[in-house]
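The primary structure of each chain is shown beneath.
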Amino acid sequence: MNNPPPGPPPDSGGTPVGRRLVLTMLGLGAAGVAAAPVLQGAVESGLGAVADKDPTGLSGLLPNGGGFRYYSVTSSVPRKTSADYRLTVDGLVDRPATYTLDSLKALPQTRLVRDVQCVTGWRVPETPFEGVTLSALLDAAGVRSGAKAIRFTCFDGAYSESLTLEQARRPDVLVALRMQDKALAHSHGGPVRLYVAPMYFYKSAKWLSGITVTDSVRPGYWEELGYDVDAWVGRSNGRDDAPTV
Ligand SMILES: Nc1nc2c(c(=O)[nH]1)N[C@H]1C(S)=C(S)[C@@H](COP(=O)(O)O)O[C@H]1N2
Ligand SMILES: [Mo]
């Protein structure tokens, strides 16, 4: 195992990442089950970021429907609807643009069914996501020569993410409007989140509001705290699925 990253892991309220964290999560299972119905109800009725009201981070380990856990780095996130949601595309592009939810819905939609994998160990198998490929939005904007990366920002006012331009152009990277064949719920980053299928789920920024084309990679929120910028599932953050020789 490599050295653990310096910051808290994306999902655990301050426990070191890695094998020790997984064991801790297993140990907390019974307490989590007992508390789950109330906390989960709070999340789903939209009372806000349960995890942030719980400094132990325990509620961050509770299931939030179908194996997902709810995460937000802020204590509350404004709600956006089709009336007031906006996504801007700017930076090193010829044609900066602002999309409404309806204008995103009007573009060709791609559906992917892949496993969701959080870096702390939980996984939701074969989860359908649907939306516009990021590459289509980049092509529409006209990426300028010299551009190397993308910075993503969120209307929670705090989270950010990054991809190289090459990663951003992959066909399995979506600006997602739907998950599990439903409109993306607020708690899952709706109305629009990023979905980076081949990488750990922290790359999939919720409440997406900005796509800025840049000349270099600027590490995102968790990446500033030690998580890998290239977050390929199974071969980053100290995991190595390569066969030993
Ligand atoms: N804006 C924002 N996006 C985010 C996060 C966050 O805290 N804020 N957490 C990340 C992490 S660590 C995970 S595992 C997933 C969780 O998504 P979910 O809440 O839909 O399960 O969102 C990712 N995107
Ligand atoms: Mo995560």
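This structure is a prediction, so every number in the text was calculated from the model and none was measured.

> Explain unusual backbone geometry to me, using residue names and the numbers behind them.
For the bond running from glycine 190 to proline 191, omega is 10°, close enough to zero to count as cis. Along the polypeptide, proline 191 turns up in the loop between β8 (182–183) and β9 (193–196). Of note, glutamate 126 is a non-glycine position whose phi angle comes to about 45°, a positive value. Inspection of the secondary structure assignment puts glutamate 126 in strand β4 (residues 123–133). A positive phi is found at glutamine 180, a non-glycine position, where the angle reads about 50°. Relative to the helices and strands, glutamine 180 resides in the loop between β7 (173–179) and β8.

> So what about the nonpolar core? Which residues, and what values?
Core analysis: the largest hydrophobic core is formed by 57 residues, its most contacted members being Leu87, Leu134, Tyr195, Leu208 and Ile211. Residues within four places of tyrosine 195 in sequence aside, it is in contact with Leu112, Arg114, Asp115, Val116, Phe129, Asp172, Val173, Leu174, Ala176, Phe201 and Ser204.

> An account of helix α4 (residues 134–141) is requested, with residue identities and associated values reported.
Those residues of α4 not exposed but buried are Leu134, Ser135, Leu137, Leu138 and Ala141. The buried side chains of α4 occupy one side of the element, clustering within an arc of 160° when seen end-on.

> For the site of ligand 1, give the residues involved together with the corresponding values.
Taken together, the neighbourhood of ligand 1 is formed by 22 residues, with Arg69, Asp156, His188, Arg193 and Lys206 sitting nearest. Between ligand 1 and the protein, one listed contact pairs an oxygen atom with a side-chain N or O atom of arginine 193 at 2.9 Å. Contact between ligand 1 and serine 204: a nitrogen atom at 3.1 Å from a main-chain N or O atom of the residue. Of the residues that constitute the shell around ligand 1, the class distribution is 13 nonpolar, 4 polar and 5 charged.

> Explain the side chain of serine 204 residue by residue, including any values.
Its location among the elements puts serine 204 in the loop between β9 and β10 (208–214). Take serine 204: its relative accessible area is 2%, and that puts it in the buried class. If sequence neighbours within four positions are ignored, serine 204 has contacts with Arg193, Leu194, Tyr195 and Val196.

> Run through the pattern of salt bridges, naming residues and quoting values.
Enumeration according to the criterion identifies 7 salt bridges in this entry. The partner of arginine 144 in a salt bridge is aspartate 94, and the shortest N-O contact between them spans 2.9 Å. With a gap of 50 residues between them, arginine 144 in the loop between α4 and β5 (149–154) and aspartate 94 in the loop between β1 (87–91) and β2 (97–99) connect regions that are remote in the sequence. For arginine 123, the salt bridge goes to aspartate 115, with nearest N and O atoms at 2.6 Å. You can call aspartate 115 partly exposed: its relative accessible area is 33%. Via salt bridges that share partners, Glu161, Lys203 and Glu223 belong to a single interconnected network.

> Outline the confidence of the model for the protein chain, listing residues and values.
Mean pLDDT over the protein chain: 81, with 72% of residues reaching 70 or higher. At the level of individual helices and strands, the protein chain shows its lowest average pLDDT in helix α2 (residues 29–44), which scores 34, and its highest in β10, which scores 99. Here residues 13–59 is modelled with pLDDT under 50, and outside its nearest four sequence neighbours on either side it reaches 55 contacts, counting other chains as well.

> Can you explain the packing of aromatic side chains? Please cite residues and give values.
Here the structure, examined in full by the defined rule, presents 11 aromatic pairs. For the ring pair tyrosine 159 and tyrosine 221, a centre distance of 5.7 Å and an interplane angle of 25° mean the geometry is stacked. In this pair, tyrosine 159 is assigned in the loop between β5 and β6 (160–164) and tyrosine 221 in the segment after β10, connecting sequence segments 62 residues apart. According to the relative accessible area criterion, tyrosine 159 is buried, its value standing at 12%. Tyrosine 221 sits in the partly exposed class, given a relative accessible area of 28%. Taking 5.6 Å as the distance between ring centres and 70° as the angle between the ring planes, the aromatic pair formed by tyrosine 202 and tyrosine 227 counts as edge-to-face. Of this pair, tyrosine 202 sits in the loop between β9 and β10 while tyrosine 227 sits in the segment after β10, placing them 25 residues apart in sequence. What makes tyrosine 202 buried here is its relative accessible area of 6%. The rings of Phe68, Tyr71, Trp122, Phe129, Tyr195 and Phe201 are connected pair by pair, giving a single aromatic cluster. We note lysine 80 situated over the ring of phenylalanine 155; from NZ or CZ to the ring centre the distance is 5.6 Å.

Rules of the game
Residues numbered from 1 in each chain as written. Chains lettered and ligands numbered in written order. Predicted model: local features only at pLDDT ≥ 70, side-chain atom pairs only at ≥ 80, totals over all residues. Heavy atoms only, no water. Helix = DSSP H or I, 4+ residues; strand = E, 2+ residues; numbered from the N terminus. Core = buried A, V, L, I, M, F, W, Y, C linked by side-chain atoms within 4.5 Å. Buried < 20%, exposed > 50% of the residue type's maximum accessible area, 1.4 Å probe, protein only. Contact = heavy atoms within 4.5 Å. Arc of directions from axis to C-beta. Near = heavy atom within 4 Å. Polar contact = N/O pair within 3.5 Å; in protein donor to acceptor, adjacent residues only side chain to side chain. Nonpolar A, V, L, I, M, F, W, Y, C, P; charged D, E, K, R; others polar. Salt bridge = Lys/Arg side-chain N within 4 Å of Asp/Glu carboxyl O. pLDDT = per-residue confidence, 0-100. Phe/Tyr/Trp six-rings, centres within 6.5 Å; stacked < 30°, edge-to-face > 60°. Lys NZ or Arg CZ within 6 Å of the ring centre and 35° of its normal.

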